[in-house]
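# Examining the three-dimensional arrangement
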Amino acid sequence: MAWPRDDAKLERVRALMGERGLDALVVRAPDNVLYLTNFWGMKGYDACVFPRDGDPVLICLEASEEDAARTSWTTEVRLFRGYEPSDPRPPTARVLDLARATAAEHGGAVGLELSPGTQASDRMVGEPTTFTREWFAAFGEDAQDATPLLAEARALKTEQEIERMRLANDIAAAAMDHCRLVLDSGMTEAQIAAEWEGFVHGEGTGWEGKVELALGFSLVWSGPGIKTFTATTSRPIVEGEPTLFEIWVCADGYWCDHTKNLVAGELVPSYRDLERQLLAVYEDAIAFAKPGASLAELDRRIRTGLDAMGFPGQPSHPVAHGVGARAHEPPYAHQAGGGELREGMVLAIEPGCYIEGGGGLRVEDNFLITSDGSEKLSPFPDGIVQA
C-alpha cells in the first residue's frame, strides 16, 4: 500500500547517522529496506542506499518495477534483471554492483548490516535471501556496522508505524474470534491452525482498505501437546484443556506477535488455577513496563514470578522483546543486557510455564509504551477464553 512518506523515522535515522559520522547506509535485509523505503520485496534481492544528505535510491528487481512505483518513497529506482543473457552471474552480483556504485556517489563512510542476527522474510515464500561474504567485503575494511544504528532507530515507533501495527493486531484478534466460533474437540491442532491462518490471509488481505497483503504464521498446541518449542501436528484438540495459539500476523511488512488460548468445553480446575497464577505474573510485568523501566529487571521480575509458581529456570524462550518490521527485534529484555524502556517502543510480553512431559500455559500481547505506562494493542482477551 502507498503509505505517505514517514519523515519522522527517516529524519531520526539521518540524525543517528550524523552522530556516528556515516555518509550513507547500504541495506538489503527486507525489513530494513521496508523501513527506509516502504518497499517490501518479493524475493529479498533488493537493496537501498540511504544517504545522510540527498535522496535515497531503491535498487529493485526489474519484475517488481510496478510494485516499487506504487509503494516506494524513493524518487529514484535503479532496476536490475533477474536473468541477464550478457551476464551469467546470479542477480545478487548485479545488486552488489549497483549498490557499490550508488554508495560511491555519496563518498565518505558507509554503514552496512554487519551483525543483523536475524531478518524478516520477503513476500514470496518465507525463505529469506541471505547475502554472501562478497557483499560485505565489497565495501572495504572501513565500512562500519550500521546494525546498532538501525536497531536504535527502529526501537521507537512513529505514529504511522503504530497505525500499521494496530492493523496487524486487529487482524490477529479477528482471526481468534473466528477460531473461537469453530473450535471443536473433533478437530486437530493443524485443522484449527489452518482456520486461523486462512482467516488472516483471506480476510486480512484488504483489511479496512489499508492492507495489501496479510500473512499469518502459527504454532498451535492443545493440552499435553503444549511445549516450549514444537511443531503443530495432527494431535486432537483436548476438551477441557487449553488450546494454545502462538501466532504472528505480518500486514504489509509490519508485525504483531501474540499467544492466545481457547478451551473447548469446561476448563479443568487445575488449569484455571495455573491461569490465575500466570496472569498475576503477566499483569505485574505489564504494570512495570513504563518509561525508564530496566529491561534487565523486567526479565528478572517475570522469571522470579515463574520460579515462585514452581517453574524455576523457565521459560527457555524470551519473555519480552520488541516488535515492528520484524516479529522479534530489539529491544530484548535480558538480565545480561542493559537498556531501559522508552515511550514509543512496542514490546511483546510473554511469560510461559511448561509442565514436564507436556502441557502448560503462555500468555502474550503487544504493548505500546506510553508516557505513563503501556497500552495493550490487541482487543482479544488474555487468559483462557471459552470457545
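Refer to the preceding data block for the structure.
Described in the following lines is the structure provided in the data block. (Residues numbered from 1 in each chain as written. Predicted model: local features only at pLDDT ≥ 70, side-chain atom pairs only at ≥ 80, totals over all residues. Heavy atoms only, no water.)

## Observations concerning the overall build of the protein chain
Rule in force here: Strands here mean DSSP runs of E at least two residues long; helices mean DSSP runs of H or I at least four residues long; both are numbered from the N terminus. We compute the radius of gyration from the C-alpha atoms alone; for a globule the expected value is 2.2 Å times N to the 0.38, where N is the number of residues. Only protein chains enter the area calculation, which uses a 1.4 Å probe; residues under 20% of their type maximum are buried, those over 50% are exposed, and those in between are partly exposed. Each accessible area is a Shrake-Rupley result for a 1.4 Å probe, and residues are judged covered by the shown protein chains and nothing else. As used throughout, the charge tally considers Lys and Arg to be positive and Asp and Glu to be negative, leaving His and the chain termini uncounted. To locate a charge, take NZ of a lysine, CZ of an arginine, CG of an aspartate or CD of a glutamate.
Regarding its fold elements, the protein chain presents 10 helices and 17 strands. Against the globule reference of 21 Å for 387 residues, the protein chain gives a C-alpha radius of gyration of 22 Å, in line with a compact fold. Along the longest, intermediate and shortest principal axes, the C-alpha atoms of the protein chain span 65 × 45 × 35 Å. Across the 387 residues of the protein chain, 56% fall into the buried class. Working note: accessible area of the protein chain is about 15,500 Å², and carbon and sulfur atoms make up 51% of it. In the protein chain, 35 positive and 61 negative side-chain charges are present, and the distance between their average locations comes to 2 Å.

## A look at the state of the cysteines
To be explicit about the condition: When two cysteine sulfur atoms are found within 2.5 Å, that pair is recorded as a disulfide.
Throughout the structure, instances matching the rule amount to zero disulfides. Take Cys48: it sits in no disulfide, and the sulfur closest to it among the cysteines is that of Cys60, at 11 Å. Classification of Cys60 by relative accessible area gives buried; the value is 0%.

## As for the sheet that holds strand β10 (residues 320-322)
Worth spelling out the cut-off: For two strands to be treated as a pair, DSSP must find at least two bridges joining them. Each axis is a line fitted through C-alpha atoms, and for a helix only the stretch in contact is used; angles between axes span 0 to 180 degrees, taken between their N-to-C directions. Note on contacts: a residue pair is in contact if any heavy atoms of the two residues lie within 4.5 Å.
Pairing is antiparallel in the open sheet, where five strands are placed in the order β11-β10-β12-β15-β16. The sheet is open, and its two borders are formed by β11 (329-332) and β16 (374-376), each paired with just one other strand. Strand-to-strand, the axes of this sheet are offset by a mean angle of 35°, without reference to chain direction. Contacts from helix α7 (residues 159-182) reach β12 (346-349), β15 (365-369) and β16 within the one sheet, and its direction differs from that of β15 by about 160°.

## What to know about the packing of aromatic side chains
Formally: Pairing of aromatic rings covers Phe, Tyr and the six-membered ring of Trp, with a centre-to-centre limit of 6.5 Å; geometry is then stacked below 30 degrees between planes, edge-to-face above 60, and tilted otherwise.
Scanning all chains against the criterion turns up four aromatic pairs. Arranged with centres 5.9 Å apart and planes meeting at 65°, the rings of Trp135 and Phe139 form a pair that is edge-to-face. As far as burial versus exposure is concerned, Trp135 and Phe139 are alike and both buried. Residues Phe217 and Trp255 carry aromatic rings whose centres are separated by 5.6 Å and whose planes lie at 25° to one another, so their mutual orientation is stacked.

## Quick look at the sheet that holds strand β9 (residues 254-263)
Note: strands within a sheet are paired through backbone hydrogen bonds, in either parallel or antiparallel orientation. The mixed open sheet is built from four strands, whose spatial order is β7-β8-β9-β17. Taken across any chain shown, the strands that pair with only one partner, and hence form the sheet edges, are β7 (214-222) and β17 (384-386). Averaged over all pairs of adjacent strands, the angle between strand axes in this sheet comes to 30°, irrespective of strand direction. Relative to β9, strand β8 (residues 242-251) runs antiparallel, the two being bridged by 10 bridges. Each residue of the ladder has a partner; that of Leu244, found in β9, is Asn261. On the sheet, helix α8 (residues 189-204) packs against β7 and β8 and is oriented at approximately 165° with respect to β7.

## What to know about the pairing of β15
With five of its five residues buried, β15 lies for the most part within the structure. Neither face of β15 is open: one carries Asp365, Phe367 and Ile369, the other Asn366 and Leu368, and all of them are buried. Pairing between β12 and β15: four bridges, direction antiparallel. Among the inter-strand pairings, Ala348 is bridged to a residue of β15, identified as Asn366. Judged from the three bridges that link them, β15 and β16 form a sheet pairing that is antiparallel.

## Considerations on the nonpolar core
Inclusion rule: Each nonpolar core is a collection of buried residues, namely Ala, Val, Leu, Ile, Met, Phe, Trp, Tyr and Cys, held together in the definition by side-chain atoms within 4.5 Å.
In this structure, Val13, Leu25, Leu36, Phe50 and Leu149 are the most contacted members of the largest nonpolar core, which totals 40 residues. In this structure, Phe288, Leu306, Met309 and Phe311 belong to the second largest nonpolar core, which totals 34 residues.

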